[in-house]
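These are the residues of each chain, in order.
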Amino acid sequence: MKRQSLFLALLVLPLLACGGVDVPSEEVAPEAEVGSVQSQLQPNWASCSGDMDCDSNRCGCNGGTTRVCLPSSAYPKQCANWTACSNDSHCTSNWCGCNGGQVMVCLPNTNYPKYCT
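Residues numbered from 1 in each chain as written. Predicted model: local features only at pLDDT ≥ 70, side-chain atom pairs only at ≥ 80, totals over all residues. Heavy atoms only, no water.

**Student:** Help me understand the overall build of the protein in this model?
**Tutor:** Assigned secondary structure in the protein consists of two helices and four strands. In the protein, the succession of helices and strands from N to C terminus is α-α-β-β-β-β. Looking at the protein as a whole, 21% of its 117 residues are labelled buried. Here the analysis covers contacts within the protein between residues at least 6 apart in sequence; of these, 12% occur between residues at least 24 apart. Counting only carbon and sulfur atoms, one obtains 56% of the accessible surface of the protein, whose full area is about 8,400 Å². (Helix = DSSP H or I, 4+ residues; strand = E, 2+ residues; numbered from the N terminus. Buried < 20%, exposed > 50% of the residue type's maximum accessible area, 1.4 Å probe, protein only. Contact = heavy atoms within 4.5 Å. Areas by Shrake-Rupley, 256 points an atom, 1.4 Å probe, with all protein chains shown as cover.)

What follows is the structure, given as structure tokens:
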């Protein structure tokens, strides 16, 4: 029995080291479609970072603090205070900045400075 195991090991190891055995194409499962835009789009209420991530083409906070795919324009994109933003229109306060820090967030009002360090 040990001889058979040794023989199999000596037979299989070189095949593994060389990249395995060629498998005829009919035995290989078909590959998933690569680069399909449709398969990458998120459904409503799924996490997103921009409009192009969503099936609805609308990403926002709906007044909350988490960016999600919104079902329609009836849901506002603006985010609550201290949520990450890149411009004023992303915020319910219409005031996006760093407040002297390093990360741009929705600031509560114009009393908070926009400058970043």
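Following the structure, the description resumes.
**Student:** Got a minute to help me understand the state of the cysteines in this structure?
**Tutor:** Linking two cysteines covalently through their sulfur atoms gives a disulfide. On inspection of all chains with the given rule, the structure shows six disulfides. Residue Cys48 pairs covalently with Cys59 via a disulfide, S to S 2.0 Å. Residues Cys48 and Cys59 are joined by a disulfide whose S-S torsion is about 95°; by sign, that bridge is right-handed. Here Cys48 is found in the loop between helix 2 (37–40) and strand 1 (59–60), whereas its partner Cys59 is found in strand 1, with eleven residues between them in sequence. The disulfide partner of Cys61 is Cys79, and the gap between their sulfur atoms is 2.0 Å. (Disulfide = S-S within 2.5 Å.)

**Student:** Where do I start with the packing of aromatic side chains in this structure?
**Tutor:** Inspection of every chain in the model, using the stated rule, returns two aromatic pairs. Aromatic side chains Trp45 and Tyr75 sit 5.3 Å apart centroid to centroid with 85° between the ring planes, which places their arrangement in the edge-to-face category. Here Trp45 is found in the loop between helix 2 and strand 1, whereas its partner Tyr75 is found in the loop between strand 2 (68–69) and strand 3 (96–97), with 30 residues between them in sequence. Accessibility expressed as a relative area gives 45% for Trp45, which makes it partly exposed. (Phe/Tyr/Trp six-rings, centres within 6.5 Å; stacked < 30°, edge-to-face > 60°.)

**Student:** I would appreciate a short explanation of the nonpolar core in the present structure.
**Tutor:** One recurring pattern in soluble globular proteins is that nonpolar side chains are buried together. Formed by Cys61, Cys79, Cys85, Cys91, Cys96 and Cys106, the largest nonpolar core amounts to six residues. Every residue in contact with Cys96, bar those within four places of it in the chain, is listed here: Cys85, Ser86, Asn87, Asp88, Cys91, Met104, Val105, Leu107 and Lys114. (Core = buried A, V, L, I, M, F, W, Y, C linked by side-chain atoms within 4.5 Å.)

**Student:** Teacher, can you tell me more about unusual backbone geometry here?
**Tutor:** Where the residue is not glycine, phi is negative for most of them; where a peptide bond is considered, it is trans in most cases. The phi angle at Asn62 is positive, at roughly 55°, despite the residue not being glycine. Here Asn62 lies in the loop between strand 1 and strand 2. Phi is positive for Asn94, which is not a glycine, with a value near 60°. Residue position: Asn94 is located in the loop between strand 2 and strand 3. Asn94 sits in the partly exposed class, given a relative accessible area of 47%.

**Student:** Just checking my understanding: could you explain the pattern of salt bridges for this structure?
**Tutor:** Where charged atoms from two side chains of opposite charge come close, those side chains can pair. With the rule as written, the count across this model stands at two salt bridges. One salt bridge in this structure joins Asp51 and Lys77, with 2.6 Å as the shortest N-O distance. Highlighted residues: Asp51 in the loop between helix 2 and strand 1 and Lys77 in the loop between strand 2 and strand 3, separated in sequence by 26 residues. For Lys77, a relative accessible area of 26% puts it in the partly exposed group. A salt bridge links Lys114 to Asp88; the nearest nitrogen and oxygen atoms lie 2.8 Å apart. (Salt bridge = Lys/Arg side-chain N within 4 Å of Asp/Glu carboxyl O.)

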